[in-house]
Amino acid sequence: EKGIDPYTASIRFDVIGIEMKKEELPEAEPENSSNITENWLPPKPVKDVLDTNGKSIDKEIVRVGDTLKYTITVENTSSYPQTYSLTDVIPEQLSFIKADHKGTMSGNTVQWELNMKSEEKMTVSYEAKVRENMEGKQVRNVAVLHADKETEVRSNEVINYVAKDPVKSVRTLSEKDVDGQTL
């Protein structure tokens, strides 16, 4: 009705025949107050690719046989401890070498189980080698952070380009191939 103050309006319980004002109603307790969760998403993981000297080489040229180190930084900005699963599919142009922080390889995927404290930041990494016969290919890579069964957060994508080795060819001015010949 018009003009009713919602904070002092009477609520009538016809079933049991009593009236109570809103401020007299008991507070509702959550059924399982120990499992209160935040409506929150973890920040996007930050990915980088490094050479053997530790220099970032994202979007740079690499060669067959080069060892690349991929780093993934994850942050728990929640006020509660969190357990995450972090996965990274190894691109077909690479051969897996090793992972740190107990990263395990299954098929073509590296996986870490990360038990993180509130406000903790952690960086994990793995190494992989550029495979033979991959000249001219792009190596694209992302990691995926799994916060729970439905929540996935993808990292930024890092890219490298596998160089083609130059082809040596010795020719005369008339374009005759004389490679390996004594002139």
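Caption draft 1: Quick peek at the nonpolar core. The biggest cluster of nonpolar side chains holds 28 residues, and the ones touching the most others in it are Leu68, Tyr70, Val74, Leu86, Leu94, Trp112 and Leu114. Of all the secondary-structure elements, those providing two or more residues to this core are β5 (67-75), β6 (82-89), β9 (109-116), β10 (121-130), β12 (143-146) and β14 (158-162). Element by element, the count of residues in this core is highest for β10, at 5 residues. In contact with Leu68, other than residues within four places in its own chain, are Val49, Leu50, Ile57, Val62, Leu94, Tyr126, Glu127, Ala128, Val130 and Asn160.

Caption draft 2: Seen up close, the pairing of strand β11 (residues 138-141). Residues Val139 and Asn141 line the buried face of β11, whereas the alternating positions Gln138 and Arg140 sit on a face that is not buried. Here β11 pairs with β14 via 4 bridges, running antiparallel. Bridge pairing in β14 links Asn141 to Val158.

Caption draft 3: Quick look at the packing of aromatic side chains. Going through the model one piece at a time under the given rule, you end up with 3 aromatic pairs. Taking the centre distance of 5.2 Å and the plane angle of 20° together, the rings of Tyr70 and Tyr126 count as stacked. Remark: Tyr126 occurs in strand β10 and Tyr70 occurs in strand β5; sequence separation between them is 56 residues. The exposure classification of Tyr70 matches that of Tyr126, with both residues buried. For the ring pair Trp112 and Tyr126, a centre distance of 6.3 Å and an interplane angle of 40° mean the geometry is tilted. With Trp112 in strand β9 and Tyr126 in strand β10, the pair connects residues that are 14 residues apart, well separated along the chain. Of the residues examined, Trp112 reaches a relative accessible area of 0% and is grouped as buried. An aromatic cluster is built from Tyr70, Phe96, Trp112 and Tyr126, whose rings are joined through pairwise contacts.

Caption draft 4: Quick look at the pattern of salt bridges. For the structure shown, the criterion picks out 4 salt bridges. Between Lys59 and Asp58 there is a salt bridge; the shortest N-O distance is 3.1 Å.

Caption draft 5: Seen up close, the side chain of His146. Its place among the elements puts His146 in strand β12. Side chain to side chain, His146 and Glu152 meet in a polar contact 3.5 Å long. Setting aside residues no more than four positions away along its own chain, His146 makes contact with Tyr84, Ser85, Thr87, Thr151 and Glu152.

Caption draft 6: The arrangement of the sheet that holds β6 in detail. Spatially, the 5 strands line up as an open sheet ordered β8-β9-β6-β12-β13, and their pairing is antiparallel. Across the chains shown, the open sheet's two edge strands, defined by having one partner strand only, are β8 (104-106) and β13 (152-154). Sheet twist, expressed as the average angle between the axes of neighbouring strands with direction ignored, equals 25°. Relative to β9, β8 is paired through 3 bridges, and the arrangement is antiparallel. By the bridge assignment, Ser106 is partnered in β9 with Thr109.

Caption draft 7: View of the sheet that holds β10. Read from one edge of the open sheet, 4 strands run β3-β5-β10-β7, paired in antiparallel fashion. Of all the strands in the sheet, the pair left with one neighbour each is β3 (46-50) and β7 (94-99). Direction aside, the axes of adjacent strands within the sheet are offset by 25° on average. The pairing of β7 with β10 spans 5 bridges and is classified as antiparallel. Considered in β10, the bridge of Ser95 is made with Lys129.

The rules we used
- Residues numbered from 1 in each chain as written.
- Predicted model: local features only at pLDDT ≥ 70, side-chain atom pairs only at ≥ 80, totals over all residues.
- Heavy atoms only, no water.
- Core = buried A, V, L, I, M, F, W, Y, C linked by side-chain atoms within 4.5 Å.
- Buried < 20%, exposed > 50% of the residue type's maximum accessible area, 1.4 Å probe, protein only.
- Helix = DSSP H or I, 4+ residues; strand = E, 2+ residues; numbered from the N terminus.
- Contact = heavy atoms within 4.5 Å.
- Pairing = 2+ DSSP bridges.
- Phe/Tyr/Trp six-rings, centres within 6.5 Å; stacked < 30°, edge-to-face > 60°.
- Salt bridge = Lys/Arg side-chain N within 4 Å of Asp/Glu carboxyl O.
- Polar contact = N/O pair within 3.5 Å; in protein donor to acceptor, adjacent residues only side chain to side chain.
- Axes fitted to C-alpha atoms, helices over the stretch in contact; angles between N-to-C directions.

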